Amino acid sequence: MSKVKIYSLTLALDDWQPRIWRRIWVRDDIPLPALSTVLYQSMGWCGCHMSEFRLNGKTYIDCREDPMDNWLEWTEYTLQDILTPTSKYLHYTYDFGDCWNLTAKIEHEPKLDTDAPYPVCVNGKNAAPPEDVGSYTGFERFIKVMNDPKHKENKEMKEWYHDDTFDSKHFSVDETNDFIQDPEEYEPQYQEYIKQSLRT
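The model shown is predicted, which means the values in this text are computed figures rather than measured ones.

Visitor: How do you make sense of the overall build of the protein chain when you look at a structure like this?
Guide: Each helix and strand counted, the protein chain has six helices and eight strands in total. For the protein chain, the α and β elements follow one another from N to C terminus as β-β-α-β-β-β-α-β-β-β-α-α-α-α. Compactness check: the protein chain gives a C-alpha radius of gyration of 18 Å against a globular reference of 16 Å for 200 residues, within 12% of the reference. Expressed along its principal axes, the backbone C-alpha trace of the protein chain runs to roughly 60 × 40 × 30 Å. Sorting the 200 residues of the protein chain into buried and exposed places 47% on the buried side. Treating the 22 positive side-chain charges of the protein chain as one cloud and the 36 negative ones as another, the clouds have centres 8 Å apart.

Visitor: How should I be thinking about the environment of Q196 in this particular structure?
Guide: With respect to the element layout, Q196 can be found in helix α6 (residues 188-198). Q196 sits in the partly exposed class, given a relative accessible area of 46%. Q196 sits 135 residues away from I61 along the chain, and the two C-alpha atoms are 24 Å apart.

Visitor: Before we go on, may I ask you to explain the nonpolar core in this structure?
Guide: Soluble globular proteins: nonpolar side chains tend toward being buried together. Counting 49 residues, the largest nonpolar core has L35, F53, L90, W100 and F139 as the members making the most contacts within it. Leave out the neighbours within four places in its chain, and F53 touches L32, L35, S36, L39, K58, T59, Y60, W74, L90, H91 and Y92.

Visitor: Looking at this structure, how should I read the pattern of salt bridges?
Guide: Overall, the coordinates contain four salt bridges when judged by the stated rule. Among the ionic pairs, E52 bridges to R54, the shortest N-O distance being 2.9 Å. Judged by relative accessible area, which is 25%, R54 ranks as partly exposed. Residue R141 pairs with E153 through a salt bridge whose shortest N-O separation is 2.0 Å. With R141 in helix α3 (residues 135-146) and E153 in the loop between α3 and α4 (154-161), this pair connects stretches of sequence that are twelve residues apart. A residue is classified by how much of its surface remains accessible, and R141, at 41% relative accessible area, is partly exposed. Residue classification places E153 among the partly exposed positions, given a relative accessible area of 21%.

Rules and cut-offs
Residues numbered from 1 in each chain as written. Predicted model: local features only at pLDDT ≥ 70, side-chain atom pairs only at ≥ 80, totals over all residues. Heavy atoms only, no water. Helix = DSSP H or I, 4+ residues; strand = E, 2+ residues; numbered from the N terminus. Rg over C-alpha atoms; globule rule 2.2 N^0.38 Å. Buried < 20%, exposed > 50% of the residue type's maximum accessible area, 1.4 Å probe, protein only. Lys, Arg positive; Asp, Glu negative; His and termini not counted. Charge placed at Lys NZ, Arg CZ, Asp CG, Glu CD. Core = buried A, V, L, I, M, F, W, Y, C linked by side-chain atoms within 4.5 Å. Contact = heavy atoms within 4.5 Å. Salt bridge = Lys/Arg side-chain N within 4 Å of Asp/Glu carboxyl O.

Set out below in structure tokens:
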């Protein structure tokens, strides 16, 4: 059995400025469904939509109920299984309706302690779009309306968002780690893995 390696994934939302990004350290034995939870939780999303990984021309997704020849069942793979020595970028899509496409730069971190708690978010910047905001155009409109108290839809938008303000620059490492390091945020079959990798 190969020794566990630690990778840094610098995840950013494609086609958006100012850049919305997170840097996360993970063990390479993390199952892909658990890694998906890490990534969407790091963006503040709840996981109520489907997602997929794409790497080296292959797509990994939960296709147990709808198998297709060109999809690979992601419950059968870990990050270690899909990486190659030349893998540089991992592509991730969350919510096929809003279609949030993200790209993660992959970097092996040989100097990191493999016995330290993982996953862990170590850096990032800016708030991600809210769930179901309506993709990129919806996010642009959301920010515009929320920032304009005189806009005719301001009150309605605040009620939909369940908050009076949205700080597009907000990001907290501590808040992010509260989510990605909480085993209860993961599917039951991966909670023990998270507990073990966090040594809790």
